[in-house]
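For reference, the chains in residue letters:
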Amino acid sequence: MIRRGEKILLWLSTVLTAGSGALYAWMKYLMKPEDPLSVVNHPWQPGLLAAHVLAAPLLLFGIGLITREHILGRFHDPRARKRRLSGTMVALAAAPMVASGYLLQVLTAAPARRTAGLIHLALGAAFVTAYSLHAALGRRAEKVSTPKPAGSLPGPSRTRRRRVSAGPN
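Residues numbered from 1 in each chain as written. Predicted model: local features only at pLDDT ≥ 70, side-chain atom pairs only at ≥ 80, totals over all residues. Heavy atoms only, no water.

With respect to the confidence of the model for the protein
Atomic detail in the predicted coordinates should be set aside for any region of low pLDDT.
Then step 1. Averaged over all residues, the pLDDT of the protein equals 84, while 80% of them reach at least 70.
Then step 2. Low pLDDT (under 50) marks residues 157–161, which in the prediction has one contact with non-local residues, meaning those over four places away or in another chain. (pLDDT = per-residue confidence, 0-100. Contact = heavy atoms within 4.5 Å.)

Structure below.
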């Protein structure tokens, strides 16, 4: 189970990273500069790129934080089957999205940067869509799950184990 702080970190870092990335992409690909000699289409464009580059490590840290227990641990859990497809889509989009984001920072050839940028944009959109779906399904599952009796411990079900004696008493 993802802890509340981890959910907040993932949600906040996803909103910051996706929001700054979407605004940057809008300015870069859809706006036209007022000055034809300008290298940026909007004065905020460099600041949004910086915000995106600074927010992305928070998202990467959040994903890394839940990888062992939630992503890998739930993959084999039969109770997680309903949300497995959306979670798999999130995980499959995340790795190449991160790789293309790093490539954008080191590629120098214009055609390679443009291709990596479009791939990064498409994977970012796929990641946000899948993450939103996965979070919505998780929230719905939490609401419809049967309530635990008062006084029960949170977490996996606790079963009593019979004591096995080492020999006759």
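With respect to the packing of helix H1 (residues 4–30) against helix H2 (residues 45–75)
Then step 1. Running from amino to carboxyl end, H1 crosses H2 at an angle of 150 degrees, the nearest separation of the two axes being 8 Å. Regarding the angle of H1 to H2, the classification is roughly antiparallel. Where H1 crosses over H2, the two elements pack in a sense that is left-handed.
Then step 2. Residue classes in the contact of H1 with H2 are distributed as 17 nonpolar, eight polar and two charged. (Axes fitted to C-alpha atoms, helices over the stretch in contact; angles between N-to-C directions. Helix = DSSP H or I, 4+ residues; strand = E, 2+ residues; numbered from the N terminus. Parallel < 35°, antiparallel > 145°, perpendicular 65-115°, else oblique. Left-handed = near helix turned anticlockwise from the far one by under 90°. Nonpolar A, V, L, I, M, F, W, Y, C, P; charged D, E, K, R; others polar.)

Concerning a nonpolar patch on the surface
Then step 1. Side chains of Ile8, Trp11, Leu12, Val15, Leu16 and Leu58 sit close together on the surface and give an oily, nonpolar patch of about 560 Å² of accessible area.
Then step 2. For the nonpolar patch, the element with the highest residue contribution is H1, accounting for five residues. (Patch = residues over 30% accessible without salt bridge, like charges linked within 9 Å, V, L, I, M, F, W, Y side chains within 5 Å. Areas by Shrake-Rupley, 256 points an atom, 1.4 Å probe, with all protein chains shown as cover. Salt bridge = Lys/Arg side-chain N within 4 Å of Asp/Glu carboxyl O.)

Overview of the nonpolar core
Among soluble globular proteins, nonpolar side chains are generally buried collectively.
Then step 1. If you look at the biggest cluster of nonpolar residues, it comprises 13 residues, and the most contacted ones within it are Leu10, Leu59, Ile63, Val90, Met97, Phe127 and Tyr131.
Then step 2. Ignoring sequence-local partners within four residues, the contact set of leucine 10 consists of Leu59, Gly62, Ile63, Ile66 and Tyr131. (Core = buried A, V, L, I, M, F, W, Y, C linked by side-chain atoms within 4.5 Å. Buried < 20%, exposed > 50% of the residue type's maximum accessible area, 1.4 Å probe, protein only.)

Examining the packing of aromatic side chains
Both the distance between ring centres and the angle between the ring planes are used here to describe each pair of aromatic rings.
Then step 1. Tallied over the entire structure, the rule returns one aromatic pair.
Then step 2. A centroid spacing of 6.1 Å and a plane angle of 10 degrees characterise the contact between phenylalanine 127 and tyrosine 131, whose relative ring orientation is stacked. In this pair, phenylalanine 127 and tyrosine 131 are both assigned in helix H4 (residues 110–144), four residues apart and thus about one turn of the helix distant. Comparing phenylalanine 127 with tyrosine 131 shows no difference in burial state: the two are buried.
Then step 3. Residue placement shows lysine 28 over the ring face of tyrosine 29; its charged tip is 6.0 Å from the ring centre. (Phe/Tyr/Trp six-rings, centres within 6.5 Å; stacked < 30°, edge-to-face > 60°. Lys NZ or Arg CZ within 6 Å of the ring centre and 35° of its normal.)

Looking at the pattern of salt bridges
Working definition: two side chains of opposite charge can pair if their charged atoms are close together.
Then step 1. Tallied over the entire structure, the rule returns two salt bridges.
Then step 2. The closest approach of N and O atoms between glutamate 6 and arginine 3, which form a salt bridge, is 3.0 Å.
Then step 3. Across the pair glutamate 69 and arginine 3 runs a salt bridge whose closest N-O atoms are separated by 4.0 Å. Highlighted residues: glutamate 69 in helix H2 and arginine 3 in the segment before H1, separated in sequence by 66 residues.

Here's the deal with the side chain of threonine 14
Then step 1. Tracing the backbone through its elements, the reader meets threonine 14 in helix H1.
Then step 2. Threonine 14 sits in the buried class, given a relative accessible area of 7%.
Then step 3. If sequence neighbours within four positions are ignored, threonine 14 has contacts with Gly19, Leu59, Phe127 and Tyr131.

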